[in-house]
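What follows is the residue order along each chain.
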Amino acid sequence: MAGVGWLAPGAWKVAVWAVAAAVGASGCATSASPGGTQQVDQGYVAGDGSLVQLAAEDRADPVEMSGQTLTGEQVDITDWRGDVVVLNTWFAACGPCRKEAPDLAVISAETAPDRVRFLGINTRDGAAQAIAFEEQYGVPYPSLLDRDGLSVQALHGALPPSATPTTLVLDRQGRVTARFLGQIDPSLLRAVIAQTLQESQ
């Protein structure tokens, strides 16, 4: 199971709450993670599964991101203010991305009625390859094509995505509240989303 990585001042209580909630739901133990990344032979940097959370007072400015989806539609996440947003970086040849895709698809469908929006950020593929991936794994939410890296660059002021995959949770104001480096733990992601939904707008 994923551990909790480095925490900003004042954020540790938040992280402990999320981990405790997930452990209570899943019945398994957690352990601290070193918080680093490791290079793997597929040519990308894989995360260690660590989770970092930030208390409200420690969060950076709201994320501004827009771009074209795999199907040619325009998305601007500033239009989603007031909703909780989950961003996930991925590409088709990434092993951990393939493993977590079914979990992300299920969680996005579960939380959609609660005004939680998911957005993928594809960092390498062409549209056809990325669409084939989403069809294979039943991904119901849109993804941006980001081969130029502009969408990922927009995240560097908060908790930057230093591995693939990286999953970020944004609060209702569009600020990054949590980052998973590497393959998500579904129980932890559900706990973080639930906690973020409980925060006042």
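Residues numbered from 1 in each chain as written. Predicted model: local features only at pLDDT ≥ 70, side-chain atom pairs only at ≥ 80, totals over all residues. Heavy atoms only, no water.

Considerations on the packing of aromatic side chains
And step 1. All told, the structure shown has three aromatic pairs when counted by the stated rule.
And step 2. A centroid spacing of 5.4 Å and a plane angle of 40° characterise the contact between Phe 118 and Tyr 141, whose relative ring orientation is tilted. In this pair, Phe 118 is assigned in strand S7 (residues 116-122) and Tyr 141 in the loop between helix H3 (127-137) and strand S8 (143-145), connecting sequence segments 23 residues apart. Tyr 141 matches Phe 118 in its accessibility class, with the two residues each being buried. (Phe/Tyr/Trp six-rings, centres within 6.5 Å; stacked < 30°, edge-to-face > 60°. Helix = DSSP H or I, 4+ residues; strand = E, 2+ residues; numbered from the N terminus. Buried < 20%, exposed > 50% of the residue type's maximum accessible area, 1.4 Å probe, protein only.)

Overview of the pairing of strand S6 (residues 84-90)
And step 1. In terms of burial, S6 is a largely internal element, seven of the seven residues being buried.
And step 2. Going residue by residue along S6, you find Val 84, Val 86, Asn 88 and Trp 90 tucked away on one face and Val 85, Leu 87 and Thr 89 tucked away on the opposite face as well.
And step 3. For the crossover that starts at S6, traverses helix H2 (residues 95-111) and ends in the parallel S7, the hand is right-handed.
And step 4. Bridge count between S6 and strand S9 (residues 166-170): four bridges; the pairing is antiparallel. When the sheet's bridge partners are listed, Val 86 is paired in S9 with Val 169. (Right-handed = clockwise from strand over helix to strand, strands pointing away. Pairing = 2+ DSSP bridges.)

Observations regarding the sheet that holds S6
And step 1. Across the sheet, six strands lie side by side as S3-S10-S9-S6-S7-S8; this open sheet has mixed pairing. Because the sheet does not close on itself, it has two edges, and the strands there are strand S3 (51-53) and S8. Shown here is a sheet whose adjacent strand axes are inclined to one another by a mean of 15°, direction ignored.
And step 2. Direction of pairing for S3 relative to strand S10 (residues 176-181): antiparallel, over a ladder of three bridges. When the bridges of S10 are listed, Gln 53 appears paired with Ala 178.
And step 3. Against the sheet, H2 makes contact with S6, S7 and S9, and its axis sits at roughly 155° relative to S7, the strand it touches most. (Axes fitted to C-alpha atoms, helices over the stretch in contact; angles between N-to-C directions. Contact = heavy atoms within 4.5 Å.)

So, the pattern of salt bridges
And step 1. In the structure shown here, the tally under the stated rule is six salt bridges.
And step 2. Among the salt bridges present, the one from Arg 115 reaches Asp 83, with a minimum N-O distance of 2.5 Å. You can see Arg 115 sitting in the loop between H2 and S7 and its partner Asp 83 sitting in the loop between strand S5 (74-76) and S6, a full 32 residues away along the chain.
And step 3. With a relative accessible area of 7%, Asp 83 lands in the buried category.
And step 4. Measuring nitrogen to oxygen at the nearest pair gives 2.8 Å for the salt bridge that ties Arg 117 to Asp 83. Taken together, the residues Arg 117 in strand S7 and Asp 83 in the loop between S5 and S6 connect sequence positions 34 residues apart. (Salt bridge = Lys/Arg side-chain N within 4 Å of Asp/Glu carboxyl O.)

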